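Listed below are the residues making up each chain.
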Amino acid sequence: VAKDLLQELQTIRANAVTNLEAQQQRLLADTLKNLEQEVVNIVSRLPIQDGALFNTRLAIEIRPQLQQAIEELYLKPVQTFIKDYDKIAGTIVATYGKLPIPPEFKQITEADLTTIQQLKKIAFSQFQNLGNEFTNTLAQEIYQSTLVGKPFGDVVQTIRDKINGIYQQADTKKREELVTFIQSQKAKGKISSPDVQTAIDELKQNYGSTVTGANLYVYSSQIVGDALMGFDGQFAKFRADELGLTSYVYYGSIIRDSRDFCVEHANRVFTEEEARALWQNDWQGKSGSDPFLDRGGYNCRHHWQPVDTDWGTIKDDGTFEYTVE
Amino acid sequence: LTLEIGQLILELLQQAKASNIKSATFAKEIDKQIARTVIEDDTTLEQIDSEIDGGTEVVGEFAREQINLPTI
């Protein structure tokens, strides 16, 4: 196993995840724009009296339509995102195929297919729960607004806020440009760059006065990233267990806002036991105590790369260097 | 059907559709019933049935499919 090849395999896997996430973040933005418009259309079909919704019976009965819109325009597109996890599974198996492992593990096995199917269901359930929660949120908003006679324009604004927050469909060209710029940069993983932060600040300052709390876009965007990374991590771990590999390199690039924990442990090699013990500690940005599920925390870009310690040497600082030629 | 009864049936069917029963057969049958409540033309209904039967995907269900490995 050549040193360069092993490093290249790590990079291929990380790039596959990054590229798929970028694609899915772009699609998510489009998906939620469509959903926002459809929900506004549904509410706009309710009768209005003196500038406000007034029929509470119809406001209650609108719920199935909201649920159907969430299913058709949110969950079905998300389902296609998750089907694309096959690309990540394929990349993981293909990269393992370049390693000195038994030939039967160089292809997708029956056990792999079962695991992939289950992991997809788990990933999807996160979106499904969120979809259900937001169906309730929107239904309650419409009913309560009808009950108290909230002006219809404000109801529509609240719905847009709850679905897309500051990224809602714009009524001015300048706002549209800011939203498009931020979402395109986000899809490229450049959310923390100064230009993007400036654009977000401008958007919040000038257009975000009505937006309070989180929204479907913010939660979904986070799940798009974390579910994909979670799938990648869990499937790679499953394969490592199948192969009997017991050591893992905590691999990934360091960016400006990387957690101190990730900076400190990047490229270090751990046994599973060591990783599990270390993950019992606390650090800023930690989201859970399972190293393979949670890694550094929300939005963490680090992967666990299974290795055989015979493929390299562990240096004094705990980092792993591939040396096998 | 009177308009009122038609509306009641449609509401009932929409509630059944929203009940999230994990069955492709159930979902397809409800979709067909909804179509019958609002469409009368037999030829159009036949085409709708065929389109409903053609779609096998149920939200949240993932088929156990073979995966092609990329060339690395």
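Values in this document were obtained by computation on a predicted structure and should not be read as measured data.

Let's talk about the pattern of salt bridges
Residue and element names in this part refer to chain A.
Then, in step 1: A complete count under the given rule lists 22 salt bridges over all chains for this structure.
Then, in step 2: E202 is the salt-bridge partner of K174, the closest N and O atoms lying 3.7 Å from each other. One end of the pair, K174, is in helix 7 (residues 173–187); the other, E202, is in helix 8 (residues 194–207), with 28 residues separating them in the sequence.
Then, in step 3: Here the salt bridges do not stand alone but share partners, grouping K237, D241, E272, R276 and D290 into one network.

Regarding the packing of aromatic side chains
Residues and elements named next belong to chain A.
Then, in step 1: The tally for this structure, following the rule as stated, stands at 17 aromatic pairs over all chains.
Then, in step 2: Ring centres of F231 and F235 lie 6.2 Å apart, and the angle between their planes is 15°; this geometry places the pair in the stacked category. With F231 and F235 both in helix 9 (residues 216–243), this residue pair falls 4 residues apart, about one helical turn. Residues F231 and F235 agree in their burial class; the two are buried.
Then, in step 3: Note on Y248 and W304: the rings are 6.3 Å apart at their centroids and 85° apart in plane angle, and the pair reads as edge-to-face. One end of the pair, Y248, is in strand 3 (residues 247–251); the other, W304, is in strand 5 (residues 303–307), with 56 residues separating them in the sequence.

Quick look at the environment of W304(A)
Residue and element names in this part refer to chain A.
Then, in step 1: Classification of W304 as buried rests on a relative accessible area of 3%.
Then, in step 2: Considered as a pair, W304 and P291 are 13 residues apart in the sequence and their alpha carbons are 8.7 Å apart.
Then, in step 3: If we ignore the near neighbours within four places in the chain, the residues touching W304 are R13, A236, Y248, V249, Y250, F270, A275, W279, P291, F292 and R295.
Then, in step 4: A polar atom in the side chain of W304 sits 2.8 Å from the backbone oxygen of P291.

Details of the environment of S19(B)
Residue and element names in this part refer to chain B.
Then, in step 1: Looking at the element boundaries, S19 is found in the loop between helix 1 (3–18) and helix 2 (24–38).
Then, in step 2: For S19, a relative accessible area of 38% gives the class partly exposed.
Then, in step 3: On a C-alpha basis, the gap between S19 and I34 in space is 15 Å, while along the polypeptide they are 15 residues apart.

Considerations on the interface of chain A and chain B
Then, in step 1: Contacts between the two partners involve 33 residues from chain A, matched on the other side by 21 residues from chain B.
Then, in step 2: Between chain A and chain B the total buried area reaches about 2,500 Å² when both faces are included, carbon and sulfur atoms providing 58% of it.
Then, in step 3: On the chain A side of the interface with chain B, the three residues burying the most area are Q79(A), L113(A) and Q117(A), jointly 21% of the side's total.
Then, in step 4: Linking chain A with chain B are 1 salt bridge, by the criterion used here.
Then, in step 5: For E110(A), the salt bridge identified is with R64(B), shortest N-O distance 2.8 Å.
Then, in step 6: At the junction of chain A and chain B, the tally comes to 6 residue pairs in polar contact (both at pLDDT 80 or more).
Then, in step 7: Counting residues per element, the ones that place at least two in the side of chain A that touches chain B are helix 1 (3–44), helix 2 (56–61), helix 3 (63–83), helix 4 (85–96) and helix 5 (110–148) of chain A.

How each quantity is defined
Residues numbered from 1 in each chain as written. Chains lettered and ligands numbered in written order. Predicted model: local features only at pLDDT ≥ 70, side-chain atom pairs only at ≥ 80, totals over all residues. Heavy atoms only, no water. Salt bridge = Lys/Arg side-chain N within 4 Å of Asp/Glu carboxyl O. Helix = DSSP H or I, 4+ residues; strand = E, 2+ residues; numbered from the N terminus. Phe/Tyr/Trp six-rings, centres within 6.5 Å; stacked < 30°, edge-to-face > 60°. Buried < 20%, exposed > 50% of the residue type's maximum accessible area, 1.4 Å probe, protein only. Contact = heavy atoms within 4.5 Å. Polar contact = N/O pair within 3.5 Å; in protein donor to acceptor, adjacent residues only side chain to side chain. Buried area = accessible area lost by both parts, 1.4 Å probe.

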